[in-house]
There are 2 protein chains.
Amino acid sequence: MRTRLSTEERRRQLLAIGAELFASRPYEQVWIEEVAEIAQVSRGLLYHYFATKKDFYAAVVRTEADRLLRLTEPDPALPLAEQLAAGLDAYLDYAREHRLGFQLMHNTAIPADEDIRAAHEEAVARQCARLLDALRQRMPVDEATRIAVAGWLRFVATVSLDWLDHPEVDRAQIRDICARALLAAANLPSA
Amino acid sequence: MRTRLSTEERRRQLLAIGAELFASRPYEQVWIEEVAEIAQVSRGLLYHYFATKKDFYAAVVRTEADRLLRLTEPDPALPLAEQLAAGLDAYLDYAREHRLGFQLMHNTAIPADEDIRAAHEEAVARQCARLLDALRQRMPVDEATRIAVAGWLRFVATVSLDWLDHPEVDRAQIRDICARALLAAANLPSA
């Protein structure tokens, strides 16, 4: 019994199945045929949405990155320190609640592929641009600031992945480590 | 005309050639036969030193990591802030002067392989352990501190790789960004 879904719903369903599978196993051990089977669609239909496994994987990464970006959308009405704390709390909640998707987004043990690499880099670039916009309203932003912010995003991802394996550490402690590191690295006047 | 080298010299020569090759091209485009050719040894001899290409690659990563660890050895006679600045200066000099080897050490676009992954992780773990030892003499070190320091090491690597593409940014600026980030992330009393 196949469920009748709109194109957009079907696409989302396939991406959700992909997120589960890629998050639970190495890339090499996921078969696109399996995705079709779980979704109860033909392989032909799956290939209609995503031409190759790499395309599919890149789309899964983009979807998860979009979700995280929406969840951590800052409220410009708040003071910077509060925006930062709220954004980090949302980020860490996402990491804990969507552990597999989060690990997938940072999984670099995938084949060297332009498009997959681009999907990973776009996600970081968008977070970086948003942060730099917020900083620009408070201080001059030069190339060194951009380097500091881009590095900090990697810091936050690394710290969060590590924290997932050490849940005994308080979320607030991790959040404060990250917040302090950004203020110091970017040399914010309020730090 | 083959040069007669001792086992240890030969091993070092092969690793140096490997560092050059792996640093200048994707892993997939390096052929172990080429290494033998450049070194003017038989493939058999090469395989005697390194059984597989993966083994060889992991050994190259370990060699570069050792070198960087020696170069950034801190002088415990100095105050912490100076040890940190000196270590970061040495690290950034290494990154600039051994650009290819440095990029190679942080290249994650390699096949999913236990031993290669382990070589990368060992390098970070050793730097992390050394830093935590230094901190332990000044403050209590808990799991959150360890997470902060491990994340900071990734931060420094990310910032350094980024800086290599933006040499117009002053080394001292990058060093200070990194030093401030560690003091803040680890919440050091002197920060």
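Scroll up to find the structure.
We now turn to the structure provided with this report. Note that the structure is a prediction, hence the values are computed from the model and not measured.

For the rest of this paragraph, the subject is the interface of chain B and chain A. Listed as interface residues are 31 residues of chain B and, on the opposing side, 31 residues of chain A. A combined buried area of about 2500 Å² lies between chain B and chain A, and 63% of that area is made up of carbon and sulfur atoms. Interface area lost by chain B to chain A is led by Ile147, Phe155 and Arg180 of chain B, which between them contribute 20%. For the pair chain B and chain A, the interface holds two salt bridges. Linking Asp162 of chain B and Arg146 of chain A is a salt bridge whose minimum nitrogen-to-oxygen distance equals 2.9 Å.

Residue and element names in this part refer to chain A. The terminal C-alpha atoms of helix α1 (residues 7-24) lie 26 Å apart, and with 18 residues this matches the ideal 26 Å at 1.5 Å per residue to within 8%. Residues of α1 that are buried: Arg10, Leu14, Leu15, Ile17, Gly18, Ala19, Leu21, Phe22 and Ala23. The elements touched by buried residues of α1 are α2 (32-39), α3 (43-49), α4 (53-71) and α6 (99-105).

Residue and element names in this part refer to chain A. The end-to-end C-alpha separation of helix α7 (residues 114-136) is 31 Å, in line with the 33 Å expected for 23 residues at 1.5 Å each. What α7 keeps buried is the set Ile116, Ala119, His120, Ala123, Gln127, Cys128, Leu131, Leu132, Ala134 and Leu135. Contacts made by the buried residues of α7 are with α4, α5 (80-97), α6, α8 (143-164) and α9 (171-185).

As a further point, take the layout of surface pockets. Residue and element names in this part refer to chain B. Estimates place the volume of the second largest pocket at around 410 Å³. Together, 22 residues line the second largest pocket, and Ala16, Ala19, Thr63, Glu64 and Arg67 are the ones closest to its centre. Sorting the residues of the lining of the second largest pocket by element identifies α1 (7-24), α4 (53-71) and α6 (99-105) as the ones contributing at least two each. Counting residues per element, the lining of the second largest pocket draws most heavily on α4, at nine residues. Class assignment for the residues of the lining of the second largest pocket results in seven nonpolar, three polar and 12 charged.

Residue and element names in this part refer to chain B. In total, this model carries 32 salt bridges over all chains according to the counting rule given. Residue Arg171 pairs with Asp93 through a salt bridge whose shortest N-O separation is 2.6 Å. With a gap of 78 residues between them, Arg171 in helix α9 (residues 171-185) and Asp93 in helix α5 (residues 80-97) connect regions that are remote in the sequence. A relative accessible area of 23% means that Asp93 is categorised as partly exposed. Across the salt bridge formed by Glu143 and Arg146, the nearest N and O atoms sit 2.8 Å from each other. Of the two residues, Glu143 and Arg146 both sit in helix α8 (residues 143-164), three residues apart, roughly one turn of that helix.

Right, let's talk about the relation of the copies chain B and chain A for a bit. For the pair chain B and chain A, the best superposition has an RMSD of 0.0 Å and corresponds to a rotation of 180 degrees with a translation of 0.0 Å parallel to the axis. Taken together, the rotation angle and the small translation identify this as a two-fold axis. Most of the interface of chain B is mirrored in chain A: 100% of its interface residues are interface residues there too.

Basis of the calculations
- Residues numbered from 1 in each chain as written.
- Chains lettered and ligands numbered in written order.
- Predicted model: local features only at pLDDT ≥ 70, side-chain atom pairs only at ≥ 80, totals over all residues.
- Heavy atoms only, no water.
- Contact = heavy atoms within 4.5 Å.
- Buried area = accessible area lost by both parts, 1.4 Å probe.
- Salt bridge = Lys/Arg side-chain N within 4 Å of Asp/Glu carboxyl O.
- Helix = DSSP H or I, 4+ residues; strand = E, 2+ residues; numbered from the N terminus.
- Expected span 1.5 Å × (residues − 1).
- Buried < 20%, exposed > 50% of the residue type's maximum accessible area, 1.4 Å probe, protein only.
- 1 Å grid on protein atoms, 1.4 Å probe; cavity = no way out; pocket = protein on both sides within 12 Å on 5 of 7 lines; lining within 4 Å.
- Points joined across faces, edges and corners; volume = space filled by probe spheres on them.
- Nonpolar A, V, L, I, M, F, W, Y, C, P; charged D, E, K, R; others polar.
- Least-squares fit on C-alpha atoms with pLDDT ≥ 70 in both.

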